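Analysis of the macromolecular model
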Number of protein chains: 2
Amino acid sequence: MGTYAPRRRGFVLPMAYADDLEAVNARLVEVAELVGSAMFMATQSLLNADNDLAQNVIAQDERIDILTSEIEELCVDLISDQHPTDRDLRILIGSLRIAASLERMGDLASHVAKQARMRFPSPVVPEELRSTFEEMGTLAQAIVTKTAQVIATKDLSLATDIAGHDEDVDRLHLELFRAVLSPTWHNGVETAIDITLLSRYYERYADHAVSVTRRLITIMTGDPYVGVTLI
Amino acid sequence: MGTYAPRRRGFVLPMAYADDLEAVNARLVEVAELVGSAMFMATQSLLNADNDLAQNVIAQDERIDILTSEIEELCVDLISDQHPTDRDLRILIGSLRIAASLERMGDLASHVAKQARMRFPSPVVPEELRSTFEEMGTLAQAIVTKTAQVIATKDLSLATDIAGHDEDVDRLHLELFRAVLSPTWHNGVETAIDITLLSRYYERYADHAVSVTRRLITIMTGDPYVGVTLI
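Scoring rules and cut-offs
Residues numbered from 1 in each chain as written. Chains lettered and ligands numbered in written order. Predicted model: local features only at pLDDT ≥ 70, side-chain atom pairs only at ≥ 80, totals over all residues. Heavy atoms only, no water. Helix = DSSP H or I, 4+ residues; strand = E, 2+ residues; numbered from the N terminus. Buried < 20%, exposed > 50% of the residue type's maximum accessible area, 1.4 Å probe, protein only. Contact = heavy atoms within 4.5 Å. Areas by Shrake-Rupley, 256 points an atom, 1.4 Å probe, with all protein chains shown as cover. Expected span 1.5 Å × (residues − 1). Salt bridge = Lys/Arg side-chain N within 4 Å of Asp/Glu carboxyl O. 1 Å grid on protein atoms, 1.4 Å probe; cavity = no way out; pocket = protein on both sides within 12 Å on 5 of 7 lines; lining within 4 Å. Points joined across faces, edges and corners; volume = space filled by probe spheres on them. Nonpolar A, V, L, I, M, F, W, Y, C, P; charged D, E, K, R; others polar. Core = buried A, V, L, I, M, F, W, Y, C linked by side-chain atoms within 4.5 Å. Polar contact = N/O pair within 3.5 Å; in protein donor to acceptor, adjacent residues only side chain to side chain. pLDDT = per-residue confidence, 0-100. Axes fitted to C-alpha atoms, helices over the stretch in contact; angles between N-to-C directions. Parallel < 35°, antiparallel > 145°, perpendicular 65-115°, else oblique. Left-handed = near helix turned anticlockwise from the far one by under 90°. Phe/Tyr/Trp six-rings, centres within 6.5 Å; stacked < 30°, edge-to-face > 60°.

1. A word on the overall build of chain A
- What chain A contains, in helices and strands, is six helices and zero strands.
- Mapped in sequence order, the helices and strands of chain A form the string α-α-α-α-α-α.
- When each of the 231 residues of chain A is scored for burial, the buried share is 57%.
- Within chain A, contacts between residues separated by at least 24 positions form 80% of all contacts whose residues are at least 6 apart in sequence.
- Carbon and sulfur atoms make up 56% of the accessible area of chain A, which amounts to about 9600 Å² in all.

2. Thoughts on helix H4 (residues 130–153) of chain B
- An ideal rise of 1.5 Å per residue puts 34 Å on 24 residues; H4(B) measures up with 34 Å between its terminal C-alpha atoms.
- Residue Lys154(B) follows H4(B) closely and has a positive phi angle near 60°.

3. Structural notes on the pattern of salt bridges
- Considering all chains together, one arrives at 30 salt bridges over all chains under this definition.
- The shortest N-O distance in the salt bridge between Glu72(A) and Arg97(B) comes to 3.0 Å. Taken together, the positions of Glu72(A) in helix H2 (residues 51–82) and Arg97(B) in helix H3 (residues 86–119) put the pair across two chains.
- Residue Arg119(B) is joined to Asp194(B) by a salt bridge in which the shortest nitrogen-to-oxygen separation is 2.7 Å. Here Arg119(B), found in helix H3, pairs with Asp194(B), found in helix H6 (residues 188–221); they are 75 residues apart in sequence, far enough to count as distant.
- Each of Glu135(A), Asp168(A), Arg171(A) and Glu175(A) takes part in a single network of salt bridges with overlapping partners.

4. What about the environment of Val150(A)?
- Of note, Val150(A) is situated in helix H4 (residues 130–153).
- Those residues within four positions of Val150(A) in sequence are excluded, and the remaining contacts are Asp155(A), Leu156(A), Leu158(A), Ile162(A), Thr213(A) and Leu216(A).

5. Re empty space enclosed by the protein
- One pass over the full model with this rule turns up three cavities of 30 Å³ or more.
- A volume near 50 Å³ is recorded for the second largest cavity.
- Taken together, Ile79(A), Ser80(A), His83(A), Pro84(A), Ile79(B), His83(B), Pro84(B) and Leu89(B) make up the full set of residues lining the second largest cavity.
- In the lining of the second largest cavity, the residues fall into five nonpolar, three polar and no charged.

6. As for the nonpolar core
- Core analysis: the largest hydrophobic core is formed by 146 residues, its most contacted members being Leu46(A), Phe133(A), Leu46(B) and Phe133(B).
- Phe133(A) has contacts with Thr43(A), Leu46(A), Leu47(A), Val125(A), Leu176(A), Ile195(A), Leu198(A), Ser199(A) and Tyr202(A), leaving out every residue within four places of it along the chain.

7. Describing the environment of Glu128(A)
Residue and element names in this part refer to chain A.
- Looking at where Glu128 falls in the secondary structure, it is placed in the loop between helix H3 (86–119) and H4.
- Taking the relative accessible area as the measure of exposure, Glu128 reaches 43% and is therefore partly exposed.
- When the C-alpha atoms of Glu128 and Val150 are compared, they prove to be 35 Å apart, with 22 residues separating the residues in sequence.
- Looking at Glu128, its side chain comes within polar contact range of the side chain of Asn187, at 3.1 Å.

8. A look at the confidence of the model for chain A
Residue and element names in this part refer to chain A.
- Averaged over chain A, the pLDDT score is 90; the fraction of residues at 70 or greater is 89%.
- Ranking the elements of chain A by mean pLDDT puts helix H1 (residues 14–47) last with 93 and H4 first with 97.
- Throughout residues 1–13 the model reports pLDDT below 50, and contacts reaching past four residues in sequence, or to other chains, amount to 20 contacts.

9. Re unusual backbone geometry
All names here are of chain A.
- Between Phe120 and Pro121 the backbone carries a cis peptide bond, its omega angle lying at 5°.
- Within the element layout of this structure, Pro121 appears in the loop between H3 and H4.
- Its identity as a non-glycine residue notwithstanding, Lys154 has a phi of 60°, on the positive side.
- Along the chain, the position of Lys154 falls in the loop between H4 and helix H5 (158–181).
- Assessed through its relative accessible area of 27%, Lys154 is described here as partly exposed.

10. Quick look at the packing of H4(B) against helix H5 (residues 158–181) of chain B
Residue and element names in this part refer to chain B.
- Running from N to C, H4 and H5 point in directions that differ by 160°, and their axes come no closer than 9 Å. Put simply, H4 runs roughly antiparallel to H5. For the crossing formed where H4 meets H5, the hand is left-handed. Of H5, the residues touching H4 (which contributes Thr132, Phe133, Glu135, Met136, Leu139, Ala142, Ile143, Lys146, Thr147, Gln149 and Val150) are Leu158, Asp161, Ile162, His165, Asp166, Asp168, Val169, Arg171, Leu172, His173, Glu175 and Leu176.

11. Some points on the packing of aromatic side chains
Residue and element names in this part refer to chain A.
- Tallied over the entire structure, the rule returns two aromatic pairs over all chains.
- Each ring, one from Phe133 and one from Tyr202, has its centre 6.0 Å from the other, and the planes form 65°; the classification is edge-to-face. Here Phe133 is found in helix H4, whereas its partner Tyr202 is found in helix H6 (residues 188–221), with 69 residues between them in sequence. The exposure classification of Phe133 matches that of Tyr202, with both residues buried.

Here it is, written out as structure tokens:
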């Protein structure tokens, strides 16, 4: 359990508790970075039809699942043992939710890698859409890097950047829809479906990052979080 | 806030607290039922190209979002004000997570309705796949009805049924994939993509129901929940 200090029932040291919250946060940052590297590698495996790399991403996802589950247990332990203040409780509940979003982002990276593995040794992405997926990958990378930074620093000014990148991902998502539905599409139904699903994975990945930053805003401001219907 | 009693800071009545937990549970059951009726109506709007019904589902989703957000606030208030026992804390944290899954199930019903609205007045589902989507709708209904029952009664024996229905949904999901990729497919790329996305919405809806029952098992048994990569 790393830097997580043992239970101190009956003798609560506020400073040590602050350390525990710091430990939760450090673990969230760690998972956000893992999830970012998973999507980076998944995109590479997709663009280069690299089956070994795809397998790697798929195998790593189990680690992400275990880490997020550990964060959850840690949060529940801290809530249970240390009667947190309202503010700290908000942080811990928010952290639970952020861990769930990160876990799902890991799944989505794994879905991209599975698509690469399924078609191996054929490439999934037709040459004319390669640059669009490169851009998707770059945006996903920018989004997750900034999300990790927001978790680490609580600097909410990055939220605007993240929302902007998310809009760019939505734009590319629509562009890909238009491409597969265009009368000039000549890559068949199977590739059209592959592209649609892949595009949706990136789009959901970005949505979850936005959801993480919204959770952080809730933590910092105390305003309630209302789920919105994302595309 | 319905049956939810006002704060009782400094004078905690265990019996009243049990009532509060009961109130959280009743609200979860209520939302599960709403989410079930949303998917039922969405399926009808899809199969009958009924735009008014589709609009209805889409409009209702906002209510589901607000209700799940209220459940979340209620859980956080109860954790914060009443220093729950470990068991009650597990119930409240589990309820937070269940609310999140239900919110997402509402989104997915709304996605199905949006697909019906987008193609209106044309039907989305070709005649030869109609019965498959009828079956998807019936399974979704069975799953969500049983999920609401498990939440209400904590009768975990239904979990096996739910897992079985989920496998049936996965089977239909693969069947639909095969249909759109078959050489005899004559409905074009756009319909192939519509069918793929719709099928995924049902499949994800069922996955979330399974996730709710797994959360309930965690609540009842105390075993940790580890996220698994679903299709």
